[in-house]
Amino acid sequence: MNRNELEILLIEDNPDDAALAIRALKKQGMANKLIHLKNGVEALDFIFGSGDKPKLTRDNHPRVILLDLKMPMVDGMEVLEKVKSDPETKSIPVVILTSSAEDPDIRKCYELGANSYIVKPVEFDNFSKTVIDLGFYWMLMNKVNK
Amino acid sequence: MNSIKNSPDPPGRFIPDFENRMNKLLDVLLKFTRLDFSTQAEVSSRGDEIDAVALGLNTLSEELRELRLKEQIQQEYVKENEERLRLLVGGVKDYAIINLTPEGLIESWNQGAEKIEGYTEQEIIGKHFSVFYTPEEIAGGEPGNNLRAALAQGSHEGQGWRKRKDGTLFMADVVITTLYDELGRIKGYAKITRDITQQKEAEIKILELNNRLWEKIQEMELINSELEAFTYSVSHDLRAPVRAIHSYSRILYQEQAQNWDTESRGMIQSVERNAQHMGQLIDDLLAFTRLGRKEITRTLGLDMTELAREAWRSVADTARAYPIRLDLKILETASADPTLIRQVFVNLLSNAFKYSSNNPNAVITLTSVKEPKECIYCIQDNGVGFDMRYYNKLFRVFQRLHTTDQFEGTGVGLALVKRIITKHGGRVWASSEPGQGASFYFSLPY
């Protein structure tokens, strides 16, 4: 996929959560321009470049990043911090995905510049609806901003 | 006397009589000097100067006799008092009360001193009071320092380890007071000693217990924070698989089940329903634990009627299917946390709602009574009720008195109600009979 066309960057280590989110987005025709990265390390490599792959720039980045918080090695918080402190990437909307509203890190995420967060619902219908609403919202918002 | 005898003779006719009478007067005077006022001077019938002196002496002797009597009474009184004080001090057993000379030698001793320090009176009188001090304190000049401090400030109080006759140590509380005589010269010292070893030990013990309590509190706090971390991890880690189970079974049902037989369709729906129930259990458990940490913020004059009405709206919204009537009386206001009390109403009303859903004429009645120290609120329904034999399980977490096929639920609602009300300093209770409806009560102090 051409990076210019990239719309959604999904960073999620739980394969089921990722598959279900992609499925929900696909049903709305929103998953064509989606890239799924399976952990924080992959995410950093993709966003900031590694080897022959270039880093994302101001004019060339996804419309929204959906970021899971709890991941091994490099967690969502670290990815968020890096994205929001780099002038080239800080304007990308980042939506935090978390399993629990109890998450003590939610507050910290906002301080770091997260644009919103959503608690992944247990029920599939809610889950799909949330993911779809979110995708629409941020993609539309971003179009307006551009 | 001699001067009178050897004086030049007065006129002759007076001589023998004069001398005789003067000598008698002199005798009386002499007795005066020995404080003897008992002899009367002889008064002749002559009415001359000697008689005048004799009369004067008699008046004087009478006055002196009275004065002397008063003085004797006073002295006896003082002596009596001194004796009483001596007996009193001597009999004091819990305090060592002793007198010291200005040099620090022991002058008097009481029973308390014997009991506390171990010496008998005979053994100790005349010894220097430094025998009570430990060798280190003597080396440090402590006994002398204490006396000097008492002299400088009038009295000196201190605590320290002192030595008994048998060499054992005790913690002493000592007051040394400087004593002065009538002319302001130092007479010595009064030294009052109390054995406060037990008190000191008790203090140390209390301190130890406090420390141990503090350690326990810290331990508990650690456990609590571990529990919080555990709760968080439960919410995170358990929700993910439940979400996957629920989602995949839902997808299968929606997209594949039309090709399956009835039994298989039923089974996949069972999977979905159970996953949903488990999700609810996790959420309720979280809500329950969260409440343990939450501080209550009281609102004074809280409008309980309005709160109940709001709660009813949200309950009726989610269960619109059943036509159930709410009979809401005007409730007493309360001093309570609005968010939490709203939760109480939601839980009690949704319970009442749930367990009355089989009754076509279901009515839920909400009333309150003002008692001397608390307001009591009652939610009454005419639903299925419960069996009082299982009452002790009613307010326990994850305990249910109905099966899930009868009525949905996780068994957290009433436990949550109890926790909220208890946090407010109130009580919860209930009464029912199967088939006769149930009444739930909670009280809030005001």
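I will try to describe carefully the structure that is included in this document.

Time to look at the overall build of chain B. Summing up its helical and strand segments, chain B has 12 helices and 11 strands in all. Long-range contacts, defined here as pairs at least 24 residues apart, represent 56% of the contacts in chain B between residues at least 6 apart.

Turning our attention to the overall build of chain A. Each helix and strand in chain A was counted, giving five helices and five strands. Ordering the α and β elements of chain A from the N terminus gives β-α-β-α-β-α-β-α-β-α. Classification of the 146 residues of chain A by burial places 37% in the buried group. When contacts within chain A are restricted to residue pairs at least 6 apart in sequence, those whose partners lie at least 24 apart make up 66%.

Residue and element names in this part refer to chain B. Read from one edge of the open sheet, five strands run S6-S8-S9-S11-S10, paired in mixed fashion. Two strands bound the open sheet, and with one partner strand each, they are strand S6 (325-328) and strand S10 (428-432). Strand-to-strand twist across the sheet, computed as the mean angle between neighbouring axes with direction ignored, equals 15°. Bridge analysis of strand S9 (residues 374-381) against strand S11 (residues 438-445) gives seven bridges, and the strand direction is antiparallel.

It is worth spelling out the interface of chain A and chain B at this point. At the interface, 15 residues of chain A touch 16 residues of chain B. In terms of residue class, the side of chain A that touches chain B is made up of four nonpolar, three polar and eight charged.

What follows concerns helix H3 (residues 49-91) of chain B. Compared with an ideal rise of 1.5 Å per residue, which puts 43 residues at 63 Å, H3 of chain B spans 62 Å between its outermost C-alpha atoms and is within 8% of the ideal. Residues of H3 of chain B that are buried: Ile50, Ala54, Leu57, Ser61 and Val89 of chain B.

Here the focus is helix H11 (residues 338-356) of chain B. With 19 residues, H11 of chain B extends 26 Å between its outermost C-alpha atoms, agreeing within 8% with the 27 Å of an ideal straight helix rising 1.5 Å per residue. The element H11 of chain B is extensively covered by neighbouring structure, given that 15 of its 19 residues are classed as buried.

For the rest of this paragraph, the subject is the packing of helix H3 (residues 76-85) of chain A against helix H4 (residues 105-112) of chain A. Residues and elements named next belong to chain A. At a minimum axis separation of 10 Å, H3 and H4 run at an interaxial angle of 15°. Classified by the angle between their axes, H3 and H4 sit roughly parallel to one another. The interaxial crossing formed by H3 with H4 has left-handed handedness. Residues Met77, Leu80, Glu81 and Lys84 of H3 form the contact with H4, whose participating residues are Asp105, Lys108, Cys109 and Leu112. Here the residues of the contact of H3 with H4 are counted per class, giving four nonpolar, no polar and four charged.

This part takes up the nonpolar core. Within the largest apolar cluster, 46 residues are counted, with the highest numbers of intra-cluster contacts made by Ala308, Ala311, Val344, Phe345, Leu348, Leu349 and Val417 of chain B. Looking at this core, the elements that each hand over two or more residues are helix H10 (304-318), strand S7 (334-336), H11, strand S8 (363-370), S9, helix H12 (413-423), S10 and S11 of chain B. Per element, the largest residue contribution to this core is 10 residues, and it comes from H11 of chain B. Setting aside its immediate chain neighbours within four residues, Val417 of chain B contacts Val344, Asn347, Leu348 and Val428 of chain B. Leu9, Ile65, Val94 and Ile96 of chain A belong to the second-largest nonpolar core, a separate cluster that totals 34 residues.

Residue and element names in this part refer to chain A. The strand order across the open sheet built from five strands is S2-S1-S3-S4-S5, with neighbouring strands paired in parallel fashion. Each edge of the sheet is formed by a strand with only one pairing partner; in this case those strands are strand S2 (34-37) and strand S5 (116-119). The sheet shows a mean angle of 20° between the axes of neighbouring strands, taken without regard to direction. Packed on one face of the sheet, helix H1 (residues 15-27) meets strand S1 (8-11) and S2 and runs near 175° to S2.

Time to look at the pairing of S1 of chain A. Residues and elements named next belong to chain A. The side-chain alternation of S1 yields two buried faces, one formed by Ile8 and Leu10 and the other by Leu9 and Ile11. Bridging between S1 and strand S3 (residues 64-68) involves four bridges; their strand directions are parallel. Considered in S3, the bridge of Ile8 is made with Val64. Both S1 and S2 contribute to a ladder of four bridges, which runs parallel. Across the sheet, residue Leu9 finds its bridge partner in S2, namely Ile35. With respect to chirality, the unit in which S1 leads through H1 into the neighbouring parallel S2 is right-handed.

Rules used throughout
- Residues numbered from 1 in each chain as written.
- Chains lettered and ligands numbered in written order.
- Predicted model: local features only at pLDDT ≥ 70, side-chain atom pairs only at ≥ 80, totals over all residues.
- Helix = DSSP H or I, 4+ residues; strand = E, 2+ residues; numbered from the N terminus.
- Contact = placed C-beta atoms within 7 Å.
- Buried ≥ 20, exposed ≤ 12 C-beta atoms within 10 Å, placed from the backbone.
- Pairing = 2+ DSSP bridges.
- Axes fitted to C-alpha atoms, helices over the stretch in contact; angles between N-to-C directions.
- Nonpolar A, V, L, I, M, F, W, Y, C, P; charged D, E, K, R; others polar.
- Expected span 1.5 Å × (residues − 1).
- Parallel < 35°, antiparallel > 145°, perpendicular 65-115°, else oblique.
- Left-handed = near helix turned anticlockwise from the far one by under 90°.
- Core = buried A, V, L, I, M, F, W, Y, C linked by C-beta atoms within 7 Å.
- Right-handed = clockwise from strand over helix to strand, strands pointing away.

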